[in-house]
Amino acid sequence: MAVIAGRPARGALLPPRLRAITGTRSGALAIFIIRRILWMIPILFFVILITFSLMHLAPGSPWDKNGGRQLSDTVVHNLNVRYGLDKPVPQQFLLYVWNVTHFDFGLSYQYQGKTVSDLLLESWPYTATIGVLAFLLIIPVGVGLGVLAALRQNTRVDYITMGFATIAASFPNFVIGALMVVVLSVLAYKATGGNFYLPAAGFAVDDSLIMPVVTLALLPIAYTARLTRASTLETIRQDYVRTAWAKGLPERLVVIRHVLKNSLIPVVTTLGPTFAFLVTGSVIVETVFAIPGIGRAFVTAIESRDYPMILGTTVLFSLVVAVANLIVDVLYVFIDPRVRLT
Amino acid sequence: MAIPAAAVEQITDWEVPEQQIGLWTDALQRFRRNRLAIAGAALIALLVVIAFGSPLLVHIGILPDPLKQNVDFIESGPGQNGFLLGSDELGRDTFSRLLFGSRVSLAVGILVQAIILPIGLTIGLAAGYFGGRIDNLLMRFTDIWYAFPDLLFVLVVVSVFGPSLITIFGAIALVNWVGLARLVRGQVLSIKEKEFIEAARSSGSAPVKLILKHLLPNSLGPIIVTLTFGIPNAIFLEAVLSFLGVGIQPPTPTWGQMVFDGYEAIYANPTSVVFPALAIGFTLLAFTFVGDGLRDALDPRMRR
Amino acid sequence: MHIGVWSRALTLATAGVFIAACGGNNNPTQNLASPDKQILRANNGTEPNSFDPTQQTYTYERAVGVQTFDSLFRAKADGSDIEPLGATSMDVSSDGLTYTFHLRQNEKWSDGKPVVAADWVYGWKHFLNPALAAGYVDPFFDLTIKGGANYGNVDGTKQADVDAFLNGLGLSAPDDHTFVVQLDHPAAYFKWVTTLWVAVPLRQDIIEKAAGGSFPSTDTTKAEAWANNAATIVGNGPYMIKEIAPKDHVTLVPNPNYWAPAPHLQQIVYYEIADGNTAYSQYNTGALDMIGVPLADVTVVRNDPKLSKEAILIPTLSQYWISMNTTRAPLDDKNVRMALAKSIDRDKLVNDIEHGNGKSLDTFIPKGMTGYNTSDNAQSFDPAAAKQLLAQSGKADQLSKMKLLTRNSTASKTLNQFLADQWNTNLGVNITLDVIDSKTVTRDIRKGQFDIYGLDGWIGDYPDQQDWFDIFVTGSCHNLNWGCLSDPNYDKLVSQADGDSNKTERAQLYTQAQKLLIDNAVVAFMYQPYEYDLVKSYVKGLTVTTTDDQNLPGDERYNTAFITQH
């Protein structure tokens, strides 16, 4: 959706029939979506290429142990043969890409006999649950706080809300997570003799979701609130809103009909990066709260040099992020008709 | 997969003023009126004083040596055994380590920006100026960047080149220049659409010089703000690197390492997490206040 | 066990030490909880990488393996000898080369089929299949069993080669109840090898059914297709897997066809909580019955009136040391190495840094094993003597340029900062830490690219000295003997002792070898770690033995354990 100056209109270079399609807005949208989906292929290819190279540059092999007696050279050799690591690296790369096009992500090195797809399916529900819950918190809480602060600009409500947002936006999530564990888990347990506290980790009880979700959602909430406040302030100053206000329409109606709709546009644009943040942010949150999700699996895979698992997680992450960005871009087209589809 | 940033504040739309006469004096005045920004600046100034002053305090004997182990008194609570804020798993003074930790954090924050600046500036300029294919490439590259396993990247860079300060700073900078590049690109694009550029183009003079001439003074504001917001980000990343085991080498005290090491003793000695965590939090808060203040002061829209 | 010192190690309790958890009432007829309450919830720490026992190398894997599969023998509870399990007796030929195992007559698989000798041959061959490259093959089997010496030269992709190798192994089943193993050379320790969890029988029909038919010996994917599904893991052990909840827990229930009387414990749940603090809080809230105490919380537990009664301190059959690269100056000088060894205050290390979980030990063989002998004090803490040694060598400046290679775990960093501080204080040399990613550390020590590396150590596989002394023979230079000191005298003593069937003579030879290790400062011996566990007071009758897994006291003999009303 880049604003590009000095370029021929896209339709000009297309054959007449296609130009007819691109002439209509829905046709243009279809072409835009197809183009973006096609773009995913080279992006994925490069993500795999870069990850593959980095992986093989990283010192240590999957068969090195974290202490104690190491495998003999002959066992290492047999393992390399077993997993095809004895082949030249470019050949391994091409083989991997070929397999990926057949949706075969290979066998994990760490977990015997398990495919990467199995492992991703095992971890994904954890990450998805936390991510989706956090995502559901962000829009109502973030937008609500932002609008509230804007409508009550320069009052105590505004200062408190924005003070909270600034703190939440600047404290890193592992710090917030650690502080929450200290207060809500450790100290609460000690103070109440174990009657009230939040579990510091684990996924078995519903309580245990509260801290990870809040930790993950805080930063995007704060960011959304700040953004919404700024855009709402701008909208309020617009003439038509002032007119609506002057006409004596109830405040709630004005807010919903005029202010919210317009001030949501910048928020929608951030949903893509926000979604990416929720997925990738899981690395830290899952570590702090010992949740066996994708983020944790990714760190473990790097630590154990489980090459197929590293690649599998990366591909999954890039797909999720790319699709999220695409959806947001399409949404944006619907919300703001002025957007050019290039 | 990108390491999640502490502050994802990214400025991509920043109105380019037609002229900037009086901008700087104006900005300074506005910044001075912003009490939070002044408080943030004061805290940062205090940190700088601490960073330079703490070795002196140790030298004259007021502050305990942050490296001195006292294994008979490990994991002391605040005030116990003569430790103001307690001691760590090797019986070292937490307060002293906290003060010394500011040195690494400030160095990381500021030096990383010094590396990011030339990279982001060059790539953003190129993308914005040439536009078209190169620009498109940068945007797609950003897509790759979102999904890019930079944990792995940092691990490889540090493992291959050794965990020295320079490699750690470099690795952090290399995974962080995209924001600045995108900002500069946006600035160049909007300048290109200005009437005076059109006029120059129609009169036959090369727009390159004009763009450069207008870009730098106009974009200085947003660039400064982006870099200010980048400082807490880099401080945060240093902490994450410590957690990955590729951070600054011990026994040098860093806040990130103190948090992650303290986390192992969170039940026995919760304060070993709380103090360094608060130190990181407030430092980042201070930089955010200053960044906010700078943005409000420098953003031409605020001058209305 | 091969488990690394810093990868949540520690398995074995000291031979001869019986610890009935928490004392008190150990009579199962009184106060017994109802069968539906006979559930033991323990923390196994990590999800097993495989449920195929032949592919398991870590204690958290073996913990499941020993419940689901029985080997031929197991160590007696006091570690003094072996006792029958899958076999009831064995005959050794007079030349020491042929072992004939008489299998248990009425033994059945968990699905009710009888266990026959062919299953043992199949299981051992599965384990020794070079294409599968099982992590625990060497050195117990390939160099000991007849035909095994070629293990390392077999190309795992060539079916003909793999088949020829497997068919050439000295494993045979003359009848359904006799399993014969032929050795390549006399090995006095081989009876201990038969107690390992990897040497078990396997069911050919089930493995082939899971693979969708018979498969070539080189098809590793098919060979392991059975091992992740509770339904196809059919074993001959006391328990069987009821449920595998990935990344969360494994549930075990009694094997109804097991030969021994039914146990009290009707369900064993092994949770996979990697974070010690989390497990500790789960224990406190009553969600777990058995955990290992995280190092940071040891003092809290000791001082807590309630928790301290539920805690047990178990000496482990392990020893930690510092490796020094003897191929690099100045560490090629015996006196420099000795100076380093003599300048560490091991009592401080154990009591302060390790919170008392261990015993300072400046000799090789840990307490609780034959060969434990602290009379040689050549490496004992003596800063004055250490300084003198270093001064005589004149290499203090060189030594200050050395780096201490450190894995990036908090425990490892803490310990090594203490070591560096000790050398600085007691020896006046400035050795700096080199903390890097754990895999990179392993690559570096394998290539011999390090100065000093610590702590490394050994956890015994079985209570026989051969398991320990083989570590430092010349051939193992890139597997564990990182310092790479090659001593022909030592090699000769150890190879002689390994094959010697005369107990007294054998012990003497090992004692001489131990003296060489200590006096030459091949490594700097540090301390024997102890395990500190918490077990709820209603868990009774645990039999803690030498072969229990980490943080699972009594897991080899759960048949004696029971839950009382609470």
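Residues numbered from 1 in each chain as written. Chains lettered and ligands numbered in written order. Predicted model: local features only at pLDDT ≥ 70, side-chain atom pairs only at ≥ 80, totals over all residues. Heavy atoms only, no water.

### Some words on the overall build of chain B
Then step 1. A tally of regular secondary structure across chain B gives 11 helices and 0 strands.
Then step 2. Secondary structure elements of chain B, listed N to C terminal, follow the sequence α-α-α-α-α-α-α-α-α-α-α.
Then step 3. The buried share of chain B, taken over its 304 residues, is 61%.
Then step 4. Accessible surface computed for chain B: about 12200 Å², of which carbon and sulfur atoms make up 66%. (Helix = DSSP H or I, 4+ residues; strand = E, 2+ residues; numbered from the N terminus. Buried < 20%, exposed > 50% of the residue type's maximum accessible area, 1.4 Å probe, protein only. Areas by Shrake-Rupley, 256 points an atom, 1.4 Å probe, with all protein chains shown as cover.)

### Brief notes about helix α4 (residues 89-101) of chain A
Residues and elements named next belong to chain A.
Then step 1. Between the first and last C-alpha of α4 there are 19 Å, a value that for 13 residues agrees with the 18 Å anticipated at 1.5 Å per step.
Then step 2. Every buried residue of α4 is accounted for by Gln92, Phe93, Tyr96, Val97 and Val100. The buried side chains of α4 occupy one side of the element, clustering within an arc of 135° when seen end-on. Across α4 from its buried face, at more than 90 degrees, point the exposed residues Pro90, Leu94, Trp98 and Thr101.
Then step 3. One or two residues past the end of α4 sits Phe103, with phi positive at roughly 60°. (Expected span 1.5 Å × (residues − 1). Arc of directions from axis to C-beta.)

### Some thoughts on the interface of chain C and chain A
Interfaces are frequently sized by the accessible area removed from exposure as the parts join.
Then step 1. The partner chain A presents 41 residues to the 54 residues of chain C that form the contact.
Then step 2. Taken over both partners, the interface formed by chain C and chain A buries close to 3900 Å², and the fraction arising from carbon and sulfur atoms is 50%.
Then step 3. Contact with chain A buries surface across chain C, with Lys247, Lys439 and Arg446 of chain C losing the most and accounting together for 19% of the total.
Then step 4. Where chain C touches chain A, the interface holds 4 salt bridges.
Then step 5. The element contributing the most residues to the side of chain C that touches chain A is helix α15 (residues 438-446) of chain C, with 6 residues. (Contact = heavy atoms within 4.5 Å. Buried area = accessible area lost by both parts, 1.4 Å probe. Salt bridge = Lys/Arg side-chain N within 4 Å of Asp/Glu carboxyl O.)

### Topic: the pattern of salt bridges
Then step 1. Inspection of every chain in the model, using the stated rule, returns 30 salt bridges over all chains.
Then step 2. Here Asp64 of chain A and Arg446 of chain C are joined by a salt bridge, their closest N and O atoms 3.6 Å apart. Taken together, the residues span two chains, with Asp64 of chain A in the loop between α2 (25-57) and α3 (73-82) and Arg446 of chain C in helix α15.
Then step 3. Residue classification places Arg446 of chain C among the buried residues on the basis of a relative accessible area of 12%.
Then step 4. For Arg557 of chain C, the salt bridge identified is with Glu83 of chain C, shortest N-O distance 3.0 Å. Placement of Arg557 of chain C in the loop between β19 (539-540) and β20 (562-563) and of Glu83 of chain C in strand β3 (residues 82-84) is noted, with a sequence separation of 474 residues between them.

### A few points about the confidence of the model for chain C
Low pLDDT marks stretches whose predicted atomic positions should not be read closely.
Then step 1. Taken as a whole, chain C shows an average pLDDT of 88; of its residues, 94% reach a score of 70 or greater.
Then step 2. As a predicted assembly, this complex carries a pTM of 0.85 together with an ipTM value of 0.80. (pLDDT = per-residue confidence, 0-100.)

### What to know about the side chain of Glu354 of chain C
Then step 1. Position of Glu354 of chain C relative to the elements: it lies in the loop between α11 (346-353) and β14 (358-360).
Then step 2. Of the side chains with opposite charge, Arg302 of chain C comes closest to the buried, unpaired Glu354 of chain C, at an N-O distance of 10 Å. (Lys, Arg positive; Asp, Glu negative; His and termini not counted.)

### Describing helix α6 (residues 165-174) of chain B
Then step 1. Burial analysis of α6 of chain B places 7 of its 10 residues in the buried class, the great majority of the element.
Then step 2. Of all the residues in α6 of chain B, the buried ones are Thr167, Ile168, Phe169, Gly170, Ala171, Ile172 and Ala173 of chain B.

### Structural notes on the confidence of the model for chain B
Residue and element names in this part refer to chain B.
Then step 1. Residue-level pLDDT values for chain B average 78, and 81% of them are 70 or greater.
Then step 2. The weakest mean pLDDT in chain B belongs to helix α8 (residues 195-202) at 69; the strongest belongs to helix α2 (residues 35-59) at 91.
Then step 3. Scored below 50 in pLDDT, residues 1-12 makes 48 contacts in the model with residues more than four places away or belonging to other chains.

### Thoughts on the nonpolar core
Then step 1. If you look at the biggest cluster of nonpolar residues, it comprises 151 residues, and the most contacted ones within it are Trp124, Phe179, Val181, Phe190 and Tyr558 of chain C.
Then step 2. When neighbours within four sequence positions are excluded, Val181 of chain C is seen to be in contact with Leu97, Thr98, Tyr99, Phe101, Trp124, Ile145, Gly170, Leu171 and Phe190 of chain C.
Then step 3. Grouped together as the second largest cluster of nonpolar side chains are 87 residues, Ala165 of chain A together with Ala37, Leu47 and Ala279 of chain B included. (Core = buried A, V, L, I, M, F, W, Y, C linked by side-chain atoms within 4.5 Å.)

### Re the interface of chain B and chain C
Then step 1. Counting residues at the interface gives 25 residues for chain B, matched by 23 residues for chain C.
Then step 2. Each partner contributes to the roughly 2000 Å² buried at the junction of chain B and chain C, and carbon and sulfur atoms together form 53% of this total.
Then step 3. Counting the surface chain B buries against chain C, the share from its top three residues, Val71, Pro250 and Tyr267 of chain B, is 25%.
Then step 4. Two residues, Lys413 of chain C and Asp261 of chain B, come together in a salt bridge whose shortest N-O distance is 3.7 Å.
Then step 5. On inspection of chain B and its partner chain C, the count reaches 7 residue pairs in polar contact (both at pLDDT 80 or more).
Then step 6. Top element by residues in the side of chain B that touches chain C is helix α10 (residues 255-263) of chain B. It accounts for 4 residues.
Then step 7. Considering only residue class, the side of chain B that touches chain C consists of 14 nonpolar, 6 polar and 5 charged. (Polar contact = N/O pair within 3.5 Å; in protein donor to acceptor, adjacent residues only side chain to side chain. Nonpolar A, V, L, I, M, F, W, Y, C, P; charged D, E, K, R; others polar.)

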